[in-house]
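Inside the fold
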Amino acid sequence: MQTNRLDAHQLTHTYGQGDSAAPALADLSLTIGSNGPEAVAIMGPSGSGKSTLLHVLAGMIAPDAGRVVWRGSDLATMRDSRRTKLRRSDFGFVFQSGQLLPELPAIENVALPLMLGGGLRSGAEAAAGALLHRLGLGGMLHRRPGELSGGQAQRVAIARALVGSPGIVFADEPTGALDRSTGQAVMALLIGATLGHGASLVVVTHDAEVAAACSRVIRLEDGRVVSDGPADGGADAFAHAGAQGAGAQHAHAAPAAQPALVDQPTLVGQTALIEQEPVRWGAQAPAHPAPYGAPEPRGNAATPYPEPSYAAPHSASVPVAPQSAPVPVAPQSAPVQHVTSYGAARGEQQVENPMRQWIGQSAGVPVANPAHGGVNGFGGAR
Amino acid sequence: MTAVRLWARLLRATGPRATDVLSAVAFAFATAALLAVLGGVNAFRVRLETGAVDPADGALVLTLSFVAAALLLPAVWTLAQAAVRLALARRDDRLAALRLVGATRSQVSMMAVLDAVAQALVGVVVGAMLALAVTPGIARIEFQGLPFTVAELLPPVWVWLAAGGAVVGIALVAALASLRRVHVTPLGVAQRVGGKRLSLWRIAGFLLVVAGYIALVVVDVVPVELTVVIVMISVLVLSYALIGPLVIQGVAWLFAKGARRPETLLAARRVIDDPRGAFNIVGAMSIAVMAGGAASLAPATAAPGDPFAVDIATGATLTIAIAGVLGAVLAGIAQSAKVLDQRREHQAMHKLGVDLPVMQGAIMRQVALPLLVGVGGAAGMALLLILPTFALWMGNASSVLIWALMAVGAVVVTLAATACALPLVRRVATEAVPA
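About the thresholds
- Residues numbered from 1 in each chain as written.
- Chains lettered and ligands numbered in written order.
- Predicted model: local features only at pLDDT ≥ 70, side-chain atom pairs only at ≥ 80, totals over all residues.
- Heavy atoms only, no water.
- Helix = DSSP H or I, 4+ residues; strand = E, 2+ residues; numbered from the N terminus.
- Buried < 20%, exposed > 50% of the residue type's maximum accessible area, 1.4 Å probe, protein only.
- Contact = heavy atoms within 4.5 Å.
- Areas by Shrake-Rupley, 256 points an atom, 1.4 Å probe, with all protein chains shown as cover.
- Phe/Tyr/Trp six-rings, centres within 6.5 Å; stacked < 30°, edge-to-face > 60°.
- Lys NZ or Arg CZ within 6 Å of the ring centre and 35° of its normal.
- pLDDT = per-residue confidence, 0-100.
- Buried area = accessible area lost by both parts, 1.4 Å probe.
- Salt bridge = Lys/Arg side-chain N within 4 Å of Asp/Glu carboxyl O.
- Polar contact = N/O pair within 3.5 Å; in protein donor to acceptor, adjacent residues only side chain to side chain.
- Nonpolar A, V, L, I, M, F, W, Y, C, P; charged D, E, K, R; others polar.
- Axes fitted to C-alpha atoms, helices over the stretch in contact; angles between N-to-C directions.
- Parallel < 35°, antiparallel > 145°, perpendicular 65-115°, else oblique.
- Left-handed = near helix turned anticlockwise from the far one by under 90°.
- Pairing = 2+ DSSP bridges.
- Expected span 1.5 Å × (residues − 1).
- Patch = residues over 30% accessible without salt bridge, like charges linked within 9 Å, V, L, I, M, F, W, Y side chains within 5 Å.

A closer look at the overall build of chain A
Each helix and strand counted, chain A has eight helices and 17 strands in total. When each of the 382 residues of chain A is scored for burial, the buried share is 57%. Here the contacts in chain A between residues at least 6 apart in sequence split such that 70% fall between residues at least 24 apart. On chain A, roughly 15000 Å² of surface is accessible, and the fraction owed to carbon and sulfur atoms is 51%.

What follows is the structure in structure tokens.
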């Protein structure tokens with residue numbers, strides 16, 4: 001099996017010439033996905049080179065110098081036509097807006113990458129329909145982008161990015177055109193669904209909340225990496241909960257810090273993929289009878305058509321023992337008492353209970369802020 | 001006046017862009033076609049007034065030339081509109097920047113209108129020269145048993161001025177209309193909701209025309225003069241424009257349902273999105289091809305040496321030629337304007353890994369599909385008339401063959417003109433990605 005590892009070596013890229021030359025990337029090296037799928041945020045002030053880095057990593061532009069190695073091939077030296085094909089087959093993209101073809105209904109927008117890859121229309125639409133159902137857009141398959149809200153359109157874009165089973169999804173300010181709560185829900189879905197598909201996510205953002213939802217944050221200044229490490233907030237907490245949770249032993253053979261598709265909820269990273277019976281929201285959501293020849297259910301085969309819900313924890317409360325030392329050496333663990341999350345099942349609204357399975361499970365308290373009393377999976381506390 | 005001065009300064013600073021040139025070319029073709037058609041009408045009028053031809057025949061040919069002119073006028077109008085769209089295609093960035101630095105809405109509108117009118121003026125001048133240049137060629141064509149003279153084909157000066165004024169006026173009106181749309185709904189540009197709904201009144205209108213035609217021409221409910229019959233025939237022909245877009249939309253819908261290739265799907269969806277735009281390219285051509293097919297039978301069915309029958313076939317051939325040229329220029333211009341309008345879409349597709357041939361194939365099919373439905377359908381209808389009567393024209397097949405060649409030629413020229421928009425797809429899609 002090919003590993004989804006992207007290596008960038010000593011990237012240099014400059015715009016303009018002579019006195020007006022502005023270095024966008026200066027001898028920048030990094031690796032993404034070396035230990036399995038991860039969600040990486042690239043942050044930095046305007047002009048720090050983050051968009052250039054994304055475009056170079058995704059093979060949209062060739063750097064002046066340096067190498068970008070994906071699955072053993074150097075993108076920088078590849079012919080443009082081959083890079084185009086590779087973008088289609090191996091990468092997924094989510095932009096700020098304006099990326100869906102306005103004339104095509106949602107299902108055809110999502111099916112297009114598969115058709116471009118030579119897939120049959122029927123199969124492509126079956127896969128697109130199933131994916132849109134999973135992302136909570138089952139009722140909007142035939143709406144055109146102009147008939148969708150901004151958040152819905154971004155979910156269609158996420159479906160399109162994932163439909164070809166990419167190794168990496170690149171996102172450029174994916175929530176930039178959305179209001180805060182819609183943006184949080186879209187981000188939760190983007191991370192959850194991307195990692196759930198076994199792909200890494202690379203997201204360029206100005207937004208600290210978006211970055212906090214990722215498992216790793218790379219900060220750029222003047223085309224150089226100035227910091228590279230885990231996101232602030234509760235990433236460690238949920239990683240530990242996942243490692244200690246009852247379902248962890250069913251996880252794929254992936255490191256504990258990585259997401260996995262399991263029968264039981266695994267609290268990994270900051271976003272969990274829960275594969276289960278549909279969470280029913282009153283009379284609004286009938287169970288979907290596996291439309292469009294839905295794929296074989298993953299996980300528990302006894303469930304006729306498990307519909308996964310993607311949800312991101314917003315905050316979880318754990319009791320904090322009185323601290324004697326100012327900073328504990330290892331994270332504390334405590335049972336989760338209350339979880340609030342954003343979930344795809346309910347569109348863009350904040351919902352209270354899709355992660356109630358977490359309650360009672362053990363969660364670590366962030367080392368950096370032991371007296372916090374809560375775990376913020378998504379940046380700001382409520 | 002500030003707006004005029006600012007506009008002139010910007011024009012001097014940036015110089016004309018490729019789209020300005022294309023748009024002026026479109027205005028030039030529209031003007032030249034308009035003047036050529038008016039020249040023909042003028043020649044028949046002069047011949048009738050000077051008594052050079054039999055009065056009855058002369059009046060009939062003059063009326064028929066009006067029908068042909070009426071058929072071509074919508075194409076001229078559409079071409080001018082497409083030219084305006086092209087002229088305004090790049091306006092958004094510049095206008096937004098101007099608004100940011102404090103230009104008022106009316107100043108910005110004024111500048112956009114000046115853009116369109118300036119290009120129309122250039123186009124009118126070039127088009128008039130083009131019309132003068134082709135007049136000796138047209139004069140070689142024989143009508144009513146006599147070749148035209150250059151003098152006959154040159155209408156009075158006031159007609160030239162009126163024609164030029166009309167083209168500039170169309171540019172002005174189309175520019176104002178286009179800007180008003182932008183003003184009323186700023187989001188309307190970016191967020192298109194649903195396809196353009198075609199009113200079902202189109203079917204009712206078409207049926208009404210057909211009923212009137214049957215009552216007056218076929219059944220003769222009341223006795224009418226020949227002129228009324230000809231007017232009814234031209235109204236019937238023009239009413240095709242009512243149902244044409246509906247038919248094209250319906251066929252495009254079938255194509256979208258059955259499409260296996262992404263470029264076909266994309267093209268069909270775009271035609272469904274704008275069936276009137278698709279029909280405008282092929283409308284005049286299809287009617288000319290259908291009428292030309294019927295007219296091509298005339299020489300074989302008439303008495304030998306009857307100039308009227310030959311005139312009908314020649315007139316139909318000329319109409320196909322002019323409609324073909326207008327359709328071709330329109331296809332090239334309209335597709336170029338669309339590529340520029342959909343710049344962000346094309347850039348996004350390129351980023352997503354859509355191959356250029358797929359994007360370019362969609363642009364070609366967007367024209368090929370209406371051509372197939374419109375011109376293909378018209379040719380098919382004409383063939384229904386022509387093929388069963390082949391015993392009649394086998395001995396005198398030249399006019400039928402010329403018709404077939406003209407029809408095929410019009411399609412080929414239109415596709416070739418569309419292909420001129422393809423390099424633009426590459427340029428727009430692979431434009432430097434902003435940092």
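Past the structure itself, the notes keep going.
Re the packing of aromatic side chains
Any aromatic ring pair is given by two values, namely how distant the centres are and how the planes are angled relative to each other. Evaluated as defined, the whole model comprises eight aromatic pairs over all chains. Summarising the aromatic geometry, the rings of Phe44(B) and Phe143(B) are spaced 5.2 Å apart at their centres and angled 90° between planes, so their arrangement reads as edge-to-face. Taken as a pair, Phe44(B) in helix α2 (residues 18-49) and Phe143(B) in strand β1 (residues 142-143) lie far apart in primary sequence, 99 residues in all. This pair shows no difference in class: Phe44(B) is buried, exactly as Phe143(B) is. Ring plane angle 40° and centroid distance 5.5 Å describe the contact between Phe143(B) and Phe148(B), whose orientation is recorded as tilted. The rings of Trp70(A), Phe91(A), Phe93(A), Phe95(A) and Phe170(A) are connected pair by pair, giving a single aromatic cluster. Positioned above the aromatic ring of Phe95(A), the side-chain terminus of Lys351(B) is 4.7 Å from the ring centre.

Some words on the confidence of the model for chain A
Residues and elements named next belong to chain A. In the predicted model, chain A carries a mean pLDDT of 67, and the fraction of residues at 70 or more is 59%. Contacts from residues 233-334, a stretch scored under 50 in pLDDT, to residues over four places away or in other chains number 233 contacts. In the model, residues 337-356 has pLDDT below 50 throughout and makes 74 contacts with residues more than four positions away in sequence or in other chains.

Here's the deal with the interface of chain B and chain A
Counting from both sides, the interface comprises 31 residues of chain B and, opposite them, 29 residues of chain A. Taken over both partners, the interface formed by chain B and chain A buries close to 2700 Å², and the fraction arising from carbon and sulfur atoms is 59%. Per-residue buried area on chain B facing chain A is highest for Arg269(B), Lys351(B) and Leu352(B); these three make up 22% of the total on that side. At the boundary of chain B with chain A, the tally comes to four salt bridges. Salt-bridge contacts for Arg270(B) lead to Glu103(A); the nearest nitrogen and oxygen are separated by 3.7 Å. Taken together, the links from chain B to chain A amount to 10 residue pairs in polar contact (both at pLDDT 80 or more). Elements supplying a minimum of two residues to the side of chain B that touches chain A: α10 (240-258), α11 (262-273) and α15 (343-351) of chain B. Class assignment of the residues belonging to the side of chain B that touches chain A gives a composition of 14 nonpolar, six polar and 11 charged.

Looking at the pattern of salt bridges
One pass over the full model with this rule turns up 16 salt bridges over all chains. The residue Glu125(A) makes a salt bridge to Arg121(A) at a minimum N-O spacing of 2.9 Å. Pair noted here: Glu125(A) and Arg121(A) are both in helix α4 (residues 121-134), with a separation of four residues, about one helical turn. Exposure class is identical for Glu125(A) and Arg121(A). Each is buried. Linked by salt bridges that have partners in common, Glu108(A), Arg121(A), Glu125(A) and Arg269(B) make up one network.

So, unusual backbone geometry
Residue and element names in this part refer to chain A. With a phi close to 45°, Gln 10 is a non-glycine residue in the positive phi region. When you line up the elements, Gln 10 lands in strand β1 (residues 6-15). Despite not being glycine, Glu 173 shows a phi value in the positive range, around 45°. Relative to the assigned elements, Glu 173 resides in the loop between β7 (168-172) and α6 (180-196).

Considering the packing of α10(B) against helix α16 (residues 356-386) of chain B
All names here are of chain B. Running from N to C, α10 and α16 point in directions that differ by 125°, and their axes come no closer than 10 Å. Accordingly, the angle class assigned to the pair α10 and α16 is oblique. Crossing of α10 over α16 shows right-handed handedness. Contact with α10, carried on its side by Tyr 240, Val 247, Ile 248, Val 251, Ala 252 and Phe 255, involves Leu 369, Pro 370, Leu 372, Val 373 and Gly 374 of α16 and no other residues of that element. Classifying every residue of the contact of α10 with α16 by side-chain character gives 10 nonpolar, one polar and no charged.

Some details on the sheet that holds strand β8 (residues 200-204) of chain A
In any sheet, the strands associate via hydrogen bonds between backbone groups, in a parallel or an antiparallel arrangement. Residue and element names in this part refer to chain A. Spatially, six strands are ordered β6-β7-β8-β3-β9-β10 in an open sheet, and the strand pairing comes out mixed. In the strand order of this sheet, the two ends are held by β6 (91-94) and β10 (224-230), each with one partner. When the angles between neighbouring strand axes are averaged without regard to direction, this sheet yields 20°. As defined by bridge partners, β6 adjoins β7 across four bridges and the pair is classed as parallel. Note that in β7 the partner of Gly 92 across the bridge is Val 169. With respect to the sheet, helix α5 (residues 150-163) is in contact with β6 and β7, its orientation differing from that of β6 by roughly 170°. Those strands touched by α6 are β3 (39-43), β6, β7 and β8, and its axis lies near 150° from that of β8.

Some words on helix α18 (residues 398-419) of chain B
One turn of an α-helix holds 3.6 residues; hence residues three or four places apart share an orientation. End to end, α18(B) covers 31 Å across 22 residues, agreeing with the expected 32 Å (1.5 Å per residue, within 8%). Packed against the buried residues of α18(B) are α12 (275-295), α13 (298-301), α14 (307-341), α16, α17 (390-393) and α19 (422-429) of chain B.

Section: the side chain of Ser23(B)
Residue and element names in this part refer to chain B. Assignment of secondary structure puts Ser 23 in helix α2. Its relative accessible area of 0% is what places Ser 23 among the buried residues. Engagement of the side chain of Ser 23 in a polar contact is seen with the backbone oxygen of Ala 83, the distance being 3.3 Å. Contacts of Ser 23, omitting those with residues within four sequence positions, involve Ala 83, Leu 86, Ala 87 and Gln 119.

Here's the deal with the sheet that holds strand β2 (residues 22-32) of chain A
Residues and elements named next belong to chain A. The strand order β2-β1-β4-β5 describes an open sheet built from four strands, whose pairing is antiparallel. The strands lining the two open edges of the sheet, one partner per strand, are β2 and β5 (73-74). Of the strand pairs in this sheet, β1 and strand β4 (residues 65-70) are connected by five bridges, and their pairing is antiparallel. Across the sheet, the residue bridging to Leu 6 is Trp 70, located in β4. Most of the contacts of helix α1 (residues 50-57) go to β2, to which it runs at about 55°, and overall it touches β1, β2 and β4.

Here we look at a nonpolar patch on the surface
Together, Ile214(B), Val218(B), Val219(B), Val221(B) and Val222(B) make up an exposed nonpolar region whose accessible area comes to about 440 Å². Position of Val218(B) among the secondary structure elements: in helix α8 (residues 201-218).

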